[in-house]
Amino acid sequence: MGYIKWAFWIGFWLIVGGFFHYTLPQHDIVRIVNTYEERQDLTDWTRVFWSVPDDQAESLINRDVQFIQAVKPNGSAEVYRNEDTGWRWPPYFKFDTANLYTEANDAKSTKAAPEWYSITHYGWRNEYWSIFPNAVAIKPVAGPDVRIIPWVNIIILTVFFAVVWAIWVRWRRFRRARIDPVLEDIGDSFEAAGDSYQNTRGRFGRWVDSWKSKR
Amino acid sequence: MFALARLLVVGFIVLTVIYVCVSLYSRSVRRGKLKAEWDEAQMTGDREAWLKQGLEEYDHSLRRKLIWGVYVIPVVLVATIIYVVNHS
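In this report, we go over the structure that sits alongside the text. (Residues numbered from 1 in each chain as written. Chains lettered and ligands numbered in written order. Predicted model: local features only at pLDDT ≥ 70, side-chain atom pairs only at ≥ 80, totals over all residues.)

The next point concerns the overall build of chain B. In terms of helices and strands, chain B carries four helices and zero strands. When the elements of chain B are put in sequence order from the N terminus, they spell out α-α-α-α. Its C-alpha radius of gyration of 19 Å places chain B more than 25% over the 12 Å reference for a compact globule of 88 residues. For chain B, the spread of C-alpha atoms along the three principal axes comes to 60 × 25 × 15 Å. Classification of the 88 residues of chain B by burial places 1% in the buried group. (Helix = DSSP H or I, 4+ residues; strand = E, 2+ residues; numbered from the N terminus. Rg over C-alpha atoms; globule rule 2.2 N^0.38 Å. Buried ≥ 20, exposed ≤ 12 C-beta atoms within 10 Å, placed from the backbone.)

Right, here's the structure in full:
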């Protein structure tokens with residue numbers, strides 16, 4: 001029973017953590033290399049990792065998506081998609097996809113003369129599923145070593161854990177006052193029932209045994 | 001535009017539920033405080049009328065009106081996000 005409880009809570013917090021890791025904004029310091037547009041098939045289950053722009057029919061099975069290619073200071077390649085989130089989840093209310101595409105094209109730089117940009121994005125890159133994080137904003141930064149403090153994430157997570165803590169404390173208080181006494185009651189009567197069953201079984205068993213042929 | 005309509009409708013319903021719950025809770029808290037005040041001061045006379053008057057004062061108070069923040073804060077938040085994401 002203890003293992004099931006642990007597995008449940010670990011699984012629960014993994015899902016919560018994954019949800020926040022996917023949804024909250026993250027910043028990458030990158031050099032923007034290129035942009036491209038590619039037709040994407042949106043037929044399989046990875047559809048959930050792509051946006052539904054407002055002017056797009058939900059039944060559309062493929063459409064053009066803009067991408068921004070970038071390189072991190074350590075040389076690893078990053079590819080972002082550039083899509084409106086519109087009025088849907090996650091609540092970034094991004095409508096300026098075309099503007100961002102223009103900014104990204106304007107921000108291209110070469111390895112010889114690098115210009116560093118901070119790309120705000122959410123989402124995951126997964127090569128096997130061909131999914132990409134969605135770029136939300138591009139800002140020039142002084143250099144590749146700039147440190148960005150994620151104030152938005154700090155505020156959202158603080159509020160979230162404050163709410164969780166408030167619910168948890170109230171639930172514990174409620175359980176101690178209302179549920180534990182009842183459970184103890186049930187436990188007592190269950191034990192009593194067990195005892196009396198044992199007695200019955202004793203007598204019943206003896207009676208059944210009396211019908212068996214004795215060898 | 002369908003997505004906007006859906007956001008508005010769902011948001012309005014959710015916020016209304018929160019608003020009603022907070023209103024009822026806040027009023028009951030005020031009622032409890034008034035009762036405690038009555039008992040502490042060992043007042044005499046018509047307790048119900050006194051409670052009623054106290055709650056009526058509460059209905060016109062700033063504290064009661066602050067609950068409208070349930071609607072105001074999310075709207076301001078969304079407007080701020082839209083501005084920050086699209087115009088800066």
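On the side of chain A, twelve residues touch chain B, which itself brings nine residues to the contact. At the level of secondary structure, the elements contributing two or more residues to the side of chain B that touches chain A comprise α1 (2-41) and α4 (69-87) of chain B. It is α4(B) that provides the largest number of residues to the side of chain B that touches chain A, a total of five residues. Taken together, the residues of the side of chain B that touches chain A sort by class into eight nonpolar, one polar and no charged. (Contact = placed C-beta atoms within 7 Å. Nonpolar A, V, L, I, M, F, W, Y, C, P; charged D, E, K, R; others polar.)

All names here are of chain A. Judged by nonpolar contacts, the single largest core of 19 residues is most densely connected at Ile32, Ile68, Ala104, Tyr117, Ile119, Ala135 and Ile138. Breaking this core down by element, the ones donating at least two residues are β1 (26-41), β2 (62-71), α2 (97-106), β4 (117-122) and β5 (134-140). Here this core takes four residues from β5, the largest share from any one element. When neighbours within four sequence positions are excluded, tyrosine 117 is seen to be in contact with Val30, Ile32, Ala107, Ile138, Lys139, Pro140 and Val141. (Core = buried A, V, L, I, M, F, W, Y, C linked by C-beta atoms within 7 Å.)

Next up on the list: the environment of A:Tyr101. All names here are of chain A. Relative to the helices and strands, tyrosine 101 resides in helix α2. Tyrosine 101 sits in the partly exposed class, given 17 other C-beta atoms within 10 Å. Other than its neighbours up to four places away in sequence, tyrosine 101 contacts Thr35, Gln66 and Asn82.

What follows concerns the environment of A:Lys94. Relative to the assigned elements, A:Lys94 resides in the loop between β3 (77-82) and α2. As for A:Lys94 and A:Asp180, which are separated by 86 residues in sequence, their C-alpha atoms are 49 Å apart.

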